[in-house]
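# Observations on the three-dimensional arrangement
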Number of protein chains: 2
Amino acid sequence: MLVERRRSVASQATSILAERIRTQLYAPGSRLPSESELAAELGVSRASIRSALGRLAAEGMVLRKQGDGTYVNARLQHIPTTLSGLWDFLGLIERSGRAPAIQVLAQTVRAASEHELEALALEEDEPVFHLRRVFLADDTPAIVADNAIPLALLQQPPELCDGQLPINEFIARYCQTQIAYGIFDIDALLPDGPTQALLRLEDQSPLLRLRQVFYDRQNEPLLCGSSSYNEKLLGLRLVQSWS
Amino acid sequence: MLVERRRSVASQATSILAERIRTQLYAPGSRLPSESELAAELGVSRASIRSALGRLAAEGMVLRKQGDGTYVNARLQHIPTTLSGLWDFLGLIERSGRAPAIQVLAQTVRAASEHELEALALEEDEPVFHLRRVFLADDTPAIVADNAIPLALLQQPPELCDGQLPINEFIARYCQTQIAYGIFDIDALLPDGPTQALLRLEDQSPLLRLRQVFYDRQNEPLLCGSSSYNEKLLGLRLVQSWS
DNA sequence: CAGTGGTCTAGACCACCCA
DNA sequence: GGGTGGTCTAGACCACTGC
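Here the structure is a predicted model, which means the values were calculated and not measured. (Residues numbered from 1 in each chain as written. Chains lettered and ligands numbered in written order. Predicted model: local features only at pLDDT ≥ 70, side-chain atom pairs only at ≥ 80, totals over all residues. Heavy atoms only, no water.)

## Re the pairing of strand 8 (residues 221-229) of chain B
Residues in a regular strand point their side chains to alternate faces of the sheet. Residues and elements named next belong to chain B. Of all nine residues in strand 8, eight are buried, a share of seventy percent or more. As paired strands, strand 5 (residues 140-150) and strand 8 are joined by six bridges and run antiparallel to one another. Across the sheet, N147 pairs through a bridge with G225, a residue of strand 8. Here strand 7 (residues 207-216) hands over to strand 8 after four residues, with N219 in that stretch at a positive phi of 70°. (Buried < 20%, exposed > 50% of the residue type's maximum accessible area, 1.4 Å probe, protein only. Helix = DSSP H or I, 4+ residues; strand = E, 2+ residues; numbered from the N terminus. Pairing = 2+ DSSP bridges.)

## A few points about the interface of chain B and chain A
Opposite the 44 residues of chain B that make contact, chain A presents 44 residues. In total, chain B and chain A occlude about 3900 Å² of area from one another, counting both sides; carbon and sulfur atoms represent 58% of this. Contact with chain A buries area across many residues of chain B, yet R75(B), R217(B) and W242(B) alone supply 17% of it, more than any other trio. In this structure, the connection of chain B to chain A is made through two salt bridges. Measuring nitrogen to oxygen at the nearest pair gives 2.9 Å for the salt bridge that ties R237(B) to D185(A). (Contact = heavy atoms within 4.5 Å. Buried area = accessible area lost by both parts, 1.4 Å probe. Salt bridge = Lys/Arg side-chain N within 4 Å of Asp/Glu carboxyl O.)

## With respect to the sheet that holds strand 5 (residues 140-150) of chain A
Ordered in space as 3(A)-4(A)-5(A)-8(A)-7(A)-6(A)-9(B), the seven strands form an open sheet in which the pairing is antiparallel. The open sheet is flanked by strand 3 (100-111) of chain A together with strand 9 (236-241) of chain B, the only strands paired with a single partner. Strand after strand, the sheet turns through a mean of 20° between neighbouring axes, direction not considered. Across eight bridges, strand 7 (residues 207-216) of chain A lies against strand 8 (residues 221-229) of chain A in antiparallel orientation. Within strand 8 of chain A, the residue paired with L210(A) across the bridge is S227(A). (Axes fitted to C-alpha atoms, helices over the stretch in contact; angles between N-to-C directions.)

## Points about helix 3 (residues 46-58) of chain A
Residue and element names in this part refer to chain A. Between the first and last C-alpha of helix 3 there are 18 Å, a value that for 13 residues agrees with the 18 Å anticipated at 1.5 Å per step. Within the sequence span of helix 3, burial applies to S48, I49, A52, L53, L56 and A57. Where helix 3 ends, the next residue or the one after it, G60, has phi of about 85°, a positive value. (Expected span 1.5 Å × (residues − 1).)

## Looking at helix 1 (residues 9-22) of chain A
All names here are of chain A. Compared with an ideal rise of 1.5 Å per residue, which puts 14 residues at 20 Å, helix 1 spans 20 Å between its outermost C-alpha atoms and is within 8% of the ideal. Buried residues in helix 1 make contact with helix 2 (35-42), helix 3, strand 1 (62-65) and strand 2 (69-72). Q24 occupies a position one or two residues after helix 1 and carries a positive phi of about 60°.

## Let's talk about the relation of the copies chain B and chain A
When chain B is fitted to chain A, the residual RMSD is 0.0 Å, and the transformation amounts to a turn of 180° plus an axial shift of 0.0 Å. The relationship between the two copies is best expressed as a two-fold rotation axis. Closest approach to the rotation axis among the C-alpha atoms of chain B is made by A188(B), whose C-alpha sits 2.7 Å away. Taken as a fraction of all interface residues of chain B, those also at the interface in chain A reach 100%, which identifies the copy contact as same-surface. (Least-squares fit on C-alpha atoms with pLDDT ≥ 70 in both.)

## Side note on the side chain of H130(A)
All names here are of chain A. The topology assignment puts H130 in strand 4 (residues 127-137). Relative accessible area serves as the criterion here: at 14%, H130 is assigned to the buried category. A polar atom in the side chain of H130 sits 3.2 Å from the side chain of R110. Those residues within four positions of H130 in sequence are excluded, and the remaining contacts are A106, Q107, T108, R110, D146 and N147. (Polar contact = N/O pair within 3.5 Å; in protein donor to acceptor, adjacent residues only side chain to side chain.)

## A closer look at the sheet that holds strand 8 of chain B
Read from one edge of the open sheet, seven strands run 9(A)-6(B)-7(B)-8(B)-5(B)-4(B)-3(B), paired in antiparallel fashion. Edge positions in the open sheet fall to strand 9 (236-241) of chain A together with strand 3 (100-111) of chain B, since each of these has one partner strand only. Strand-to-strand twist across the sheet, computed as the mean angle between neighbouring axes with direction ignored, equals 20°. Examined bridge by bridge, strand 4 (residues 127-137) of chain B and strand 5 of chain B share ten bridges and lie antiparallel to one another. Bridging across to strand 5 of chain B, A137(B) finds its partner in T140(B).

## With respect to the protein's contact with DNA strand C
Around DNA strand C sit 22 residues in total, of which V9(A), S45(A), S48(A), R46(B) and R50(B) are the nearest. Among the atoms of DNA strand C lying within 4 Å of the protein, the sugar-phosphate backbone contributes 70%. One of the side-chain N or O atoms of R46(B) is found 2.7 Å from a base nitrogen in DNA strand C. Between R50(B) and DNA strand C, the recorded distance is 2.8 Å, taken from a side-chain N or O atom to a phosphate oxygen. Split by residue class, the surface near DNA strand C holds four nonpolar, eleven polar and seven charged. (Near = heavy atom within 4 Å. Nonpolar A, V, L, I, M, F, W, Y, C, P; charged D, E, K, R; others polar.)

## As for the side chain of T70(A)
Here T70(A) is to be found in strand 2. When neighbours within four sequence positions are excluded, T70(A) is seen to be in contact with S30(A), R31(A), L32(A), L53(A), V62(A), L63(A) and R64(A).

## Examining the packing of aromatic side chains
One pass over the structure, following the stated rule, counts 16 aromatic pairs over all chains. Ring centres of F89(A) and Y229(A) lie 5.6 Å apart, and the angle between their planes is 90°; on these two criteria the pair is classed as edge-to-face. Here Y229(A) lies in strand 8 and F89(A) lies in helix 4 (residues 89-95), a separation of 140 residues in the sequence. The residues F89(A) and Y229(A) share a single accessibility class, namely buried. Summarising the aromatic geometry, the rings of Y181(B) and Y215(B) are spaced 5.0 Å apart at their centres and angled 20° between planes, so their arrangement reads as stacked. Here Y215(B) lies in strand 7 and Y181(B) lies in strand 6 (residues 179-189), a separation of 34 residues in the sequence. Ring pairs connect the aromatic residues W87(A), F184(A), F214(A) and W242(B), which therefore count as one cluster. Cation over ring: K65(A) sits above Y71(A), and NZ or CZ is 4.5 Å from the ring centre. (Phe/Tyr/Trp six-rings, centres within 6.5 Å; stacked < 30°, edge-to-face > 60°. Lys NZ or Arg CZ within 6 Å of the ring centre and 35° of its normal.)

In structure tokens form, the structure reads like this:
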């Protein structure tokens, strides 16, 4: 049953169960088979099944009741957003039911700003690769994202990089490394002139801003950036479950 | 070594390791003992140690490198906020280095608003218990929080309830149930007059707003509410780590 | 190569819920 | 009491890293 290589058994089990819930093979509100039954059916250990159910429970897709069973959450058929999904702008737009697209506005090399010098631990006057993009939802601008990467990390000439890539894939492809973690600051602000024009905002309605710094496994800064959301358009909805 | 009752071994191990990092017994940037060594030292299985390290890694406190070891994250000495910590306003203020306090502004029973009727799945004209509070950071108002609970859920006369309690303890104490999960919407908005006055805002600077609905294990709505942050004062900082 | 973290299993016991 | 999820253990093998 579970035979793919290179993908963990627990991860495959998660996908299978999520799919069964999505297709309502396990109907909303109904009780799933017990962990032992699922383990036997999929030919894996109960620990692997528990790992899979744990991930689904963390996303709110299922509710577990000790001594009773595991139930499909009937309230969450159309509300999937996790914290890690927050920075996946394309997925965010897609899940809102709109067609996502990326428009690259600028892809340049410039001196690092003061804030970038500190955040990226750079030497004075060290250049960064600056990527400015707009994420469109059904052709309507929804997010403006600016990202700066130390030029020294790029393994390719900047003009050859594909600015359409999601930022984690961009890093993986052109910096030959992986994002281990990120630190995010969320605040609210009134858009400046250019941002207001880019997002085609009529009034001065406030925006959500996400500023982020990503680090690799060696704890070296990879990227810092700032993204402004038109949250009227997208809506940031999270699920948080306890123990 | 690990002898407390009623608290899981993995949870106790998490506390022990977190404490060792906090007190720099494991210095910033240094490598922790291997999982097997920790398991032997604490007298628990490697699985329990891995569970503990997994939680610390999710919060960014340690970085794990396959084939190498687990390292104390030197960058995160003073940046602890997880998604679940976002709704713990007292802790949020405390971690920002200020003295937290709660001021109860209103503790009343009133008819449910239209939005509350739907969110809490109430019958027409059903009353709710409404709690309006301000969270102070060093005596400066930082957050205005409004919460509505179906009156039918309260096991005590509303005037006898202690409005100073954190909302999850309030629910546990007076509704005899527990929050299983919550759905949160984040947006940005300009404060209305009363809010602006309560938070003592001089200009019309935008606020972060968190709207939430909590559910219990039976998937019944427990509470809905809205909290406005003065994020200039507090700052919302999150850590997200991958795989 | 030896040692590390990553994955998985089989089996055990407990706390809890419901009939 | 029987079945469920919650916890924990011991042991195994793998993938990867650094020397």
